[in-house]
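Read off the chains here:
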Amino acid sequence: MSGYLRGFGISFMPALFTVIGICGVRLLWMATVFPKSKTFKTIMMAYPLSLSFTAVLIFILLIMFRPSNRFAKTMNNKKKEKIVIQKREKGDE
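Worth saying up front: this structure is predicted, and the values here are computed from it rather than measured. (Residues numbered from 1 in each chain as written. Predicted model: local features only at pLDDT ≥ 70, side-chain atom pairs only at ≥ 80, totals over all residues. Heavy atoms only, no water.)

Engineer: Help me get a handle on helix 2 (residues 12–32), residues and values and all.
Structural biologist: End to end, helix 2 covers 29 Å across 21 residues, agreeing with the expected 30 Å (1.5 Å per residue, within 8%). Largest kink in helix 2: about 25°, centred on Gly24. (Helix = DSSP H or I, 4+ residues; strand = E, 2+ residues; numbered from the N terminus. Expected span 1.5 Å × (residues − 1). Bend = angle between axes of the 7 residues up to and from the residue.)

Engineer: Can you lay out helix 3 (residues 40–65) for me, pointing to particular residues and giving the numbers?
Structural biologist: In this model helix 3 runs 39 Å from its N-terminal to its C-terminal C-alpha over 26 residues, within 8% of the 38 Å that 1.5 Å per residue would give. Along helix 3, the positions that sit buried rather than exposed are Thr42, Ala46, Ser50, Thr54, Leu57, Ile58, Leu61 and Leu62. A positive phi of about 40° marks Arg66, the residue just after helix 3. (Buried < 20%, exposed > 50% of the residue type's maximum accessible area, 1.4 Å probe, protein only.)

Engineer: I'd love a proper account of a nonpolar patch on the surface, names of residues and values included.
Structural biologist: Residues Phe12, Leu16 and Ile20 make up a contiguous nonpolar surface patch of roughly 290 Å² in combined accessible area. You can see Phe12 is positioned in helix 2. Since its relative accessible area comes to 59%, Phe12 is described here as exposed. (Patch = residues over 30% accessible without salt bridge, like charges linked within 9 Å, V, L, I, M, F, W, Y side chains within 5 Å. Areas by Shrake-Rupley, 256 points an atom, 1.4 Å probe, with all protein chains shown as cover. Salt bridge = Lys/Arg side-chain N within 4 Å of Asp/Glu carboxyl O.)

Engineer: Report on the side chain of Ser50, specifying residues and quantitative values.
Structural biologist: Tracing the backbone through its elements, the reader meets Ser50 in helix 3. Ser50 gets classed as buried once you look at its relative accessible area, which sits at 0%. Side chain to side chain, Ser50 and Arg26 meet in a polar contact 2.9 Å long. Excluding residues within four positions of it along the chain, Ser50 makes contact with Gly21, Ile22, Val25 and Arg26. (Polar contact = N/O pair within 3.5 Å; in protein donor to acceptor, adjacent residues only side chain to side chain. Contact = heavy atoms within 4.5 Å.)

Engineer: I'd like a description of the environment of Thr54, backed by residues and values.
Structural biologist: By secondary structure assignment, the location of Thr54 is in helix 3. Overall, Thr54 belongs to the buried group, its relative accessible area being 7%. Separated by 31 residues in the primary sequence, Thr54 and Cys23 have C-alpha atoms spaced 9.8 Å apart.

Engineer: Mind laying out the packing of helix 2 against helix 3, listing which residues take part and the relevant values?
Structural biologist: Taken N-terminus to C-terminus, the directions of helix 2 and helix 3 make an angle of 150°; their axes are 8 Å apart at the nearest point. On the basis of the axis angle, helix 2 is roughly antiparallel to helix 3. Viewed along their axes, helix 2 and helix 3 form a crossing whose handedness is right-handed. A breakdown of the residues in the contact of helix 2 with helix 3 according to their chemical character gives 18 nonpolar, five polar and one charged. (Axes fitted to C-alpha atoms, helices over the stretch in contact; angles between N-to-C directions. Parallel < 35°, antiparallel > 145°, perpendicular 65-115°, else oblique. Left-handed = near helix turned anticlockwise from the far one by under 90°. Nonpolar A, V, L, I, M, F, W, Y, C, P; charged D, E, K, R; others polar.)

Engineer: Got a sec to walk through the side chain of Thr42? Specific residues and values, please.
Structural biologist: Within the fold, Thr42 resides in helix 3. Under the relative-accessibility criterion, Thr42 is labelled buried at 9%. Sequence-distant contacts of Thr42, defined by excluding residues within four places in its chain, comprise Trp29, Val33, Phe34 and Ser37.

Engineer: I'd like a rundown of the environment of Thr42, residues and numbers included.
Structural biologist: Through-space distance from the C-alpha of Thr42 to that of Met30 is 8.9 Å; in sequence the pair is twelve residues apart. Of the polar contacts made by the side chain of Thr42, one reaches the side chain of Thr39; its length is 2.7 Å.

So, in structure tokens, the structure goes:
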């Protein structure tokens, strides 16, 4: 999903959300949960949890930006401008 956003030129927010989701959740996990249960399994639970949390964050970002709709509107506007320019050149307006 973050690659999809980057393809539309939206790169900073996915990178920021990924750092927060991966590093932030893992550091928070190690600071809060691991001291209460110092097992290898507790450490390993941080990985799927942080990846899932990051996926949810990126999905929310995807819904907020909706880059394909924005791109479609931009392309439609460019097509309309091109038609207007062609009409002006022909003298149809």
